[in-house]
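Fold and geometry: a report
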Amino acid sequence: MPDYGTNKKIISKEVSYLGRDFSSIRQNLIEFAKSYFPNTYNDFNESDPGMMFIEMASYVGDVLNFYVDNQFRETLILQSEEKKNIYEIAQSLGYKPKTASPASAEIDISMNVPAKQNGSGTYIPDLSYGGVLSSNSILSSTSGVEFTLLDDINFKVSSSLDPLVIEVVEPSSGVVPTEFKLTKKSIVKSGKRKSETFTFSSAKKFDKLVLSEPNVTEIISVTDSNGNKWYQVPYLAQDTVFEDEENSSTNDPNLSQFQNDTPYLLKLIKTSRRFTTKVRGEDLKTELLFGSGVSDNPDEEIIPNPDNVGSSLGTGVSKIDETFDPSNFLKTKTFGLAPSNTTLTVVYNHGGAVEHNVISDSITNQNDVTFTISADNLDSTKKSTAEESLSFTNPKPASGGSGEEPIESIRLNAASTFNAQGRSVTQKDYITRVYSLPQKYGNIAKCFIVQDEQLHQQTEKVIDSTTGEVVDQVNVSINPNPLALNMYVLGYDSDKKLTSINKAVKENLRIYLSQYRMVTDAINIKSGYIINIGVRFNIITKRGYNKNDVLFRAIQKVKDYFSIDKWQMGQPIVLSDIAYQISLTDGVASIVPPDVDNPNKDIVVIENKHLVADGYSGNIYDIQAASKDGVLYPSKDPSCFEVKYPNSDIEARVVGDF
């Protein structure tokens, strides 16, 4: 410290901070000595002993600068070299690096159920014997690789996205079927199942445990010794998680009427028993991190509020800037509970490699399968036979299995995840999120989003030009509502035809989106409109071709063009595109505009099919008014065109050959 009690002069010396390597630091030290110690030391020859001290100081400065630069580089995800640091930074940005990638495969799951007669005397499968195969059931391939079932399989229901294939099991004698084979498809993922237990004594804030196996791919369940379930969350501040329940009259009397199309209801529950995971870069083991709730007092007694914070700060303005220890409030359940005086059982899958990509028809063994037939008053012999008939196979090879994720992929994926933040911001974000709703909560086939609009009604006084009296005039305007979105959705029926979705699916979708929407966004979920259409066209075939074959192929081209998978709400029909597809048919020489009910002489005629009695939607649409320059535009109300019955709604004729 300078002595301010004396008359000593404080000298300020200029120091250069620009030199960071050995030569620059050395030169700066020489210049510093020349400037401030010209008479003390002025021999800067390489052989002079004084230069040894200057160069040693330059060496130390160079080393220190190297480590400063290196440490700063290690804090940047795109420049970091240390694997441990890359894993730490990636997870701080919200991305969990993949230590191993499991293989996945589509499997056929089959069971046999007895036959029964319906009212008309026809034999149909008795679905009361259909069972439910629980998710997380374990299968294995003939080579010993274990696979886990991802979703529940319910043989009692069928939908367009989860169809139930029914086949007759040929009877050993006679022609009356006695059994039907039910088949469903599902996805399995590879990985070895393991269970570990961890004992906790007194509660400790942000306690953690480390799983013994590296390359953990999925946490199946975490339960304590009291039977309580602990939930995995992306971060400890999130206190709500998804939970599902079977759509039954017991669970929800109002929505159970839709249980055939929506077998499960999605629920959002609030829980303090939660944890998050972290992967250690040095050994690729997974840590489970728990919350900070260690207090026995109710949260409302210790959460910061004017009573328990300001009361200890005294009175008066002089005390208003007093500080307090924020860690006092980390004992609440804000970040979840810390386990105490209990034993946690952790069940997880680990492992993943190229060797998990097993060949087709090899996933056939049942290791640990939970399969139940819960209907009452069933024949015990038939029930036992149905349970024993459960079988599995994978028609195609498993794929996707690989080892540890490359470092460069972790860098790029982490940067992308941080930008996305897991939120739905744009219209495409919402649409992608809607399509990712698991099918067991209901299928969403089409989604379209527009900004909400509100009617604004304003009354003003005006003078009637006829009577001269002052009267009220009502002006109505349409104003956009920037804080609300209208989401129009459509689903599929069991025949993969467009249909309005039911209340159960809308409720599941509402709960699902609540976790991803922006705080300021309000979403109104509405049913879209279906415009059923028919198509007519005439062709001239080339000589030497079979007219019926050419006509069949041309109709097939139109069927493929109007495949409902290719159409979205708000998509117009371009007649020239249809004509072009027809012209690509081998044997078609020309396309001729139909001469019946075609006032505009369109090359392809589109007609509205709307009669409810014929199975159509009932929506009447003015095709002529909506057509302009060979383009048929959909309505302003979000709608989707559909050729519902292609075999009858597409009409074509051969009017000659060339």
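Structure shown above.
Residues numbered from 1 in each chain as written. Predicted model: local features only at pLDDT ≥ 70, side-chain atom pairs only at ≥ 80, totals over all residues. Heavy atoms only, no water.

**A closer look at the packing of aromatic side chains**
Both the distance between ring centres and the angle between the ring planes are used here to describe each pair of aromatic rings. The full count for this structure, using the stated rule, is 17 aromatic pairs. Taking 5.9 Å as the distance between ring centres and 80° as the angle between the ring planes, the aromatic pair formed by Phe200 and Phe290 counts as edge-to-face. Taken together, the residues span a long stretch of sequence, with Phe200 in strand β9 (residues 192-200) and Phe290 in strand β16 (residues 285-290) at a distance of 90 residues. A single burial state applies to Phe200 and to Phe290, both of which are buried. With a centroid separation of 6.2 Å and an interplanar angle of 50°, the aromatic rings of Phe206 and Phe335 are classed as tilted. In this pair, Phe206 is assigned in the loop between β9 and β10 (208-214) and Phe335 in the loop between α4 (299-302) and β17 (342-350), connecting sequence segments 129 residues apart. The class of Phe206 is partly exposed, set by a relative accessible area of 34%. The partly exposed category is assigned to Phe335, whose relative accessible area is 27%. By the ring-pair criterion, three or more aromatic residues cluster together here, those being Phe200, Trp230, Phe275 and Phe290. The aromatic ring of Tyr516 is capped on one face by Arg433, whose charged end is 3.7 Å from the ring centroid. (Phe/Tyr/Trp six-rings, centres within 6.5 Å; stacked < 30°, edge-to-face > 60°. Helix = DSSP H or I, 4+ residues; strand = E, 2+ residues; numbered from the N terminus. Buried < 20%, exposed > 50% of the residue type's maximum accessible area, 1.4 Å probe, protein only. Lys NZ or Arg CZ within 6 Å of the ring centre and 35° of its normal.)

**Comments concerning the sheet that holds strand β6 (residues 153-154)**
Pairing in this open sheet of three strands is antiparallel, and the strands run β6-β3-β19 from one edge to the other. In this open sheet, the two strands that pair with only one neighbour each are β6 and β19 (371-372). (Pairing = 2+ DSSP bridges.)

**Remarks on the side chain of His350**
Considering the arrangement of structural elements, one finds His350 in strand β17. Taking relative accessible area as the criterion, His350 reaches 13% and is therefore assigned buried. Those residues in contact with His350 that sit more than four places away from it in its chain are Gly191, Lys192, Lys194, Glu213, Pro214, Asn215, Val216 and Thr217. (Contact = heavy atoms within 4.5 Å.)

**A short note on the nonpolar core**
Among the nonpolar cores identified, the biggest contains 39 residues, and Val535, Phe537, Phe562, Ile573, Ile578 and Ile606 are the most heavily contacted of them. Those elements that place two or more of their residues in this core are β22 (470-492), β25 (529-541), α9 (547-561), α10 (575-583), β27 (588-592), β31 (639-642) and β32 (650-657). Not counting chain neighbours up to four residues away, the residues in contact with Ile578 comprise Val558, Tyr561, Phe562, Ile573, Val604 and Ile606. Counting 27 residues, the second largest nonpolar core, distinct from the first, contains Ala105, Met111, Val145 and Leu164. (Core = buried A, V, L, I, M, F, W, Y, C linked by side-chain atoms within 4.5 Å.)

**Concerning the environment of Asp261**
Note that Asp261 resides in the loop between β13 (240-246) and β14 (264-270). Setting aside residues no more than four positions away along its own chain, Asp261 makes contact with Gly442 and Asn502.

Geometry only, nothing functional implied.
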